[in-house]
Amino acid sequence: MAETERSGQQRRLRPAPLLFEPAEAAADPEHFFDLESIDDPRVLLARSTELTVAFRAAADRAAEYQAIAAAQLADPRRFDRLSTADIAERAQWGEDYARRMVEFGRDLLRGGAPGDGG
């Protein structure tokens, strides 16, 4: 029974695909992935939860790529390397956060590709 529960949780936590909306729909401030047209609150909760998980997963993955880029830009072997202050300015981060992102990126570069859990 625990196995069934676990597989059910994994199915629910899989990110929903992020579909791009047509320009005219995106221009309407009330329109958001067609959620406003869903009348059934159960369906609305399910779909909005899927989107929340998908956006979180996308944000986490994008942050991993930011960290990799920061580490590459700070690499002392690069003739055009940037200081953490320069990286912070470009990414609109604080310098301390930029330092942590550079280290995180170095860890990712040593351990594998973003999103693979390693």
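The sections below set out a description of the structure shown in this document. (Residues numbered from 1 in each chain as written. Predicted model: local features only at pLDDT ≥ 70, side-chain atom pairs only at ≥ 80, totals over all residues. Heavy atoms only, no water.)

### So, helix H3 (residues 41-74)
Turning to step 1, where the next piece is worked out: Between its first and last C-alpha, H3 extends 48 Å over 34 residues, near the 50 Å set by a 1.5 Å rise per residue.
Turning to step 2, where the next piece is worked out: For H3, the N-terminal cap is Asp40; the gap from its side-chain oxygen to the backbone nitrogen of Arg42 is 2.8 Å. (Helix = DSSP H or I, 4+ residues; strand = E, 2+ residues; numbered from the N terminus. Expected span 1.5 Å × (residues − 1). Polar contact = N/O pair within 3.5 Å; in protein donor to acceptor, adjacent residues only side chain to side chain.)

### Digging into helix H5 (residues 95-111)
Turning to step 1, where the next piece is worked out: The terminal C-alpha atoms of H5, which comprises 17 residues, lie 24 Å apart, in line with the 24 Å expected from a rise of 1.5 Å per residue.
Turning to step 2, where the next piece is worked out: Along H5, the residues that are buried comprise Ala98, Met101, Val102, Gly105 and Leu108. Buried residues of H5, seen end-on, are gathered within an arc of 125° and therefore sit on one face of the element. With respect to the buried face of H5, the exposed residues turned more than 90 degrees away are Arg100 and Arg110.
Turning to step 3, where the next piece is worked out: Looking at the buried positions of H5, the neighbouring elements they touch are H3 and helix H4 (84-91). (Buried < 20%, exposed > 50% of the residue type's maximum accessible area, 1.4 Å probe, protein only. Arc of directions from axis to C-beta. Contact = heavy atoms within 4.5 Å.)

### Focus: the pattern of salt bridges
Turning to step 1, where the next piece is worked out: One pass over the full model with this rule turns up seven salt bridges.
Turning to step 2, where the next piece is worked out: The closest approach of N and O atoms between Arg78 and Asp80, which form a salt bridge, is 3.1 Å.
Turning to step 3, where the next piece is worked out: By relative accessible area, Arg78 is classed as partly exposed at 33%.
Turning to step 4, where the next piece is worked out: Judged by relative accessible area, which is 35%, Asp80 ranks as partly exposed.
Turning to step 5, where the next piece is worked out: Here Glu95 ties to Arg99 by a salt bridge, and the two come within 3.5 Å at their closest N and O atoms. Of this pair, Glu95 and Arg99 both sit in helix H5, four residues apart, roughly one helical turn. (Salt bridge = Lys/Arg side-chain N within 4 Å of Asp/Glu carboxyl O.)

All quantities given are derived from atomic positions and should not be read as evidence of function.
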